[in-house]
Amino acid sequence: LNNRQETFASAAAQFPLPSAGPYVLKKARVLGRSLPEPVGPLDVDGFAMVDILIDTGAIAKIAPAGVLGFGDAPEVAMSGRIVLPLFVDVHTHIDKGHIWRRKRNPTGDFPSALQAVIEDRGANWSAADVVARMEFSLRCAYAHGTTAIRTHIDSVGLQTRISWPVLAEARERWRGRIDLQASPLFTVEYVADGSHMADVEAMLDAYGTGILGAATRMVPDLHQGLRVLFELAERKGWKLDFH
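What counts, and where the lines are drawn
- Residues numbered from 1 in each chain as written.
- Predicted model: local features only at pLDDT ≥ 70, side-chain atom pairs only at ≥ 80, totals over all residues.
- Heavy atoms only, no water.
- Pairing = 2+ DSSP bridges.
- Helix = DSSP H or I, 4+ residues; strand = E, 2+ residues; numbered from the N terminus.
- Axes fitted to C-alpha atoms, helices over the stretch in contact; angles between N-to-C directions.
- Buried < 20%, exposed > 50% of the residue type's maximum accessible area, 1.4 Å probe, protein only.
- Contact = heavy atoms within 4.5 Å.
- Core = buried A, V, L, I, M, F, W, Y, C linked by side-chain atoms within 4.5 Å.
- Expected span 1.5 Å × (residues − 1).
- Arc of directions from axis to C-beta.
- Phe/Tyr/Trp six-rings, centres within 6.5 Å; stacked < 30°, edge-to-face > 60°.
- Lys NZ or Arg CZ within 6 Å of the ring centre and 35° of its normal.
- Polar contact = N/O pair within 3.5 Å; in protein donor to acceptor, adjacent residues only side chain to side chain.

S.K.: Teacher, can you tell me more about the sheet that holds strand S2 (residues 47–55) here?
M.R.: One key point about sheets: their strands pair by backbone hydrogen bonds, in either a parallel or an antiparallel sense. Read from one edge to the other, the open sheet built from four strands follows the order S3-S2-S1-S4, with strand pairing classed as mixed. At either margin of the open sheet sits one strand with a lone partner, and together these are strand S3 (58–64) and strand S4 (75–77). Averaged over all pairs of adjacent strands, the angle between their axes in this sheet comes to 35°, without regard to strand direction. Judged from the six bridges that link them, S2 and S3 form a sheet pairing that is antiparallel.

S.K.: Mind showing me how you'd approach the environment of Val 30 here?
M.R.: Secondary-structure assignment places Val 30 in strand S1 (residues 23–31). Classification of Val 30 by relative accessible area gives buried; the value is 7%. When neighbours within four sequence positions are excluded, Val 30 is seen to be in contact with Leu 35, Gly 46, Phe 47, Ala 48, Val 50, Ile 52 and Val 83.

S.K.: Could you clarify how one ought to interpret the environment of Ala 215 in this entry?
M.R.: Take Ala 215: it is sitting in the loop between strand S8 (211–212) and helix H5 (222–236). Of the residues examined, Ala 215 reaches a relative accessible area of 16% and is grouped as buried. Along the chain, Ala 215 and Leu 185 lie 30 residues apart, while their C-alpha atoms are 6.3 Å from each other. In contact with Ala 215, other than residues within four places in its own chain, are Leu 185, Phe 186, Thr 187, Val 188 and His 243.

S.K.: Sorry if this is basic, but what is going on with the nonpolar core here?
M.R.: Across soluble globular proteins, nonpolar side chains show a tendency to be buried alongside one another. Within the largest apolar cluster, 34 residues are counted, with the highest numbers of intra-cluster contacts made by Met 134, Leu 138, Phe 186, Leu 212 and Leu 229. With sequence-adjacent residues up to four places away left out, Leu 138 is seen in contact with Ile 94, Ile 149, Ala 170, Trp 174, Ile 178 and Leu 180.

S.K.: Please explain helix H2 (residues 127–143) as it appears in this structure.
M.R.: Residue pairs three or four apart in sequence face the same way in an α-helix, which turns once every 3.6 residues. For H2, which comprises 17 residues, the first-to-last C-alpha distance of 24 Å matches the rise-based estimate of 24 Å (1.5 Å per residue) to within 8%. Taken together, the buried positions of H2 are Asp 129, Val 130, Arg 133, Met 134, Ser 137, Leu 138 and Ala 141. Each buried residue of H2 sits inside an arc of 155° when the element is viewed along its axis, so together they form one side. Opposite its buried face, H2 presents the exposed residues Ala 128, Arg 139 and Ala 143, each directed more than 90 degrees away. Of the surrounding secondary structure, the elements contacted by the buried residues of H2 are helix H1 (110–124), strand S6 (146–154), helix H3 (159–173) and strand S7 (179–185). Within two residues after H2, Gly 145 carries a phi angle of roughly 95°, on the positive side.

S.K.: How should I be thinking about the packing of aromatic side chains in this particular structure?
M.R.: Per the counting criterion, the structure on display carries two aromatic pairs. Taking the centre distance of 5.9 Å and the plane angle of 25° together, the rings of Phe 230 and Phe 242 count as stacked. Here the residue Phe 230 occupies a position in helix H5, and Phe 242 occupies one in the segment after strand S9 (239–240), the gap between them amounting to 12 residues. Above the ring of Trp 125, the side-chain terminus of Arg 133 is found at 4.8 Å from the ring centroid. Sitting above the plane of the Tyr 142 ring, Arg 177 keeps its charged end 5.8 Å from the centroid.

S.K.: Explain the sheet that holds S7 here, please?
M.R.: Judged by pairing direction, the sheet is parallel, and its three strands sit side by side in the order S5-S6-S7 without closing on themselves. What marks the edges here is a single partner per strand, and that holds for strand S5 (87–92) and S7. Here the strands of the sheet are splayed against their neighbours by 15° on average, with no regard to which way each runs. Where S6 and S7 come together, seven bridges link them in parallel fashion. Residue pairing in the sheet places Thr 151 in a bridge with Ala 182 of S7. The strands touched by H3 within the sheet are S6 and S7, with S7 carrying the most contacts at an inclination of about 170°.

S.K.: Which parts of the structure should I look at to understand the side chain of Arg 29?
M.R.: Note on placement: Arg 29 falls in strand S1. Given a relative accessible area of 18%, Arg 29 falls into the buried group. One polar contact links Arg 29 to Asp 43, side chain to side chain, over a distance of 2.8 Å. If near-sequence neighbours (up to four positions away) are discounted, Arg 29 is found in contact with Asp 43, Asp 45, Phe 47, Ala 48, Met 49, Gly 80, Arg 81, Ile 82 and Val 83.

Everything listed is a geometric property; what it means functionally is a separate question.
Here's what the structure looks like:
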């Protein structure tokens, strides 16, 4: 669907929600296992038909559809449409996405994908390029109901000082809509490079979200690399997120 401008007649219209005061989502389908307590019978797919009272932006009451009255609260007719909690994406790479048109993976396997990213990163990942691709990723995620994301950020060579300020700006732009966290991504062998680790530490101090990490694999210096990362995280009070 890249670059397609047409709309689709079958797409569901957006629901205008009241701007103030409590309101009710009428006849909404909700997954039974996501409910704090059983609410009526479940259909063959495990959904319950419910009315949901929303007050001050939070769920105040869930009841079987049509059972309770909610006074004068405005109603939004869901007509059996599904209501889900907002999504949390715990592992993604918003700095890597959307390069397919200019740098394809010719075989579809992981080594070719990795090589394609390395080549594209060296050729194209300016701050402006990373901004554009991150923004598209975040807009897509938000449109489909994502409220929090943890992403890895390639942190190798010059890219370290390019991408982290971009990430921090994106985090501020999306504050209140998407909670954006990030962990640096480099293979554990880079830990032995003092200048590399100094760059990573400086960028996380200035632009990070209190998370340190690396991609681990069975290399001779794995234990030493992990020791350095754990000691740095302990000294800084950072969490660890390994790829």
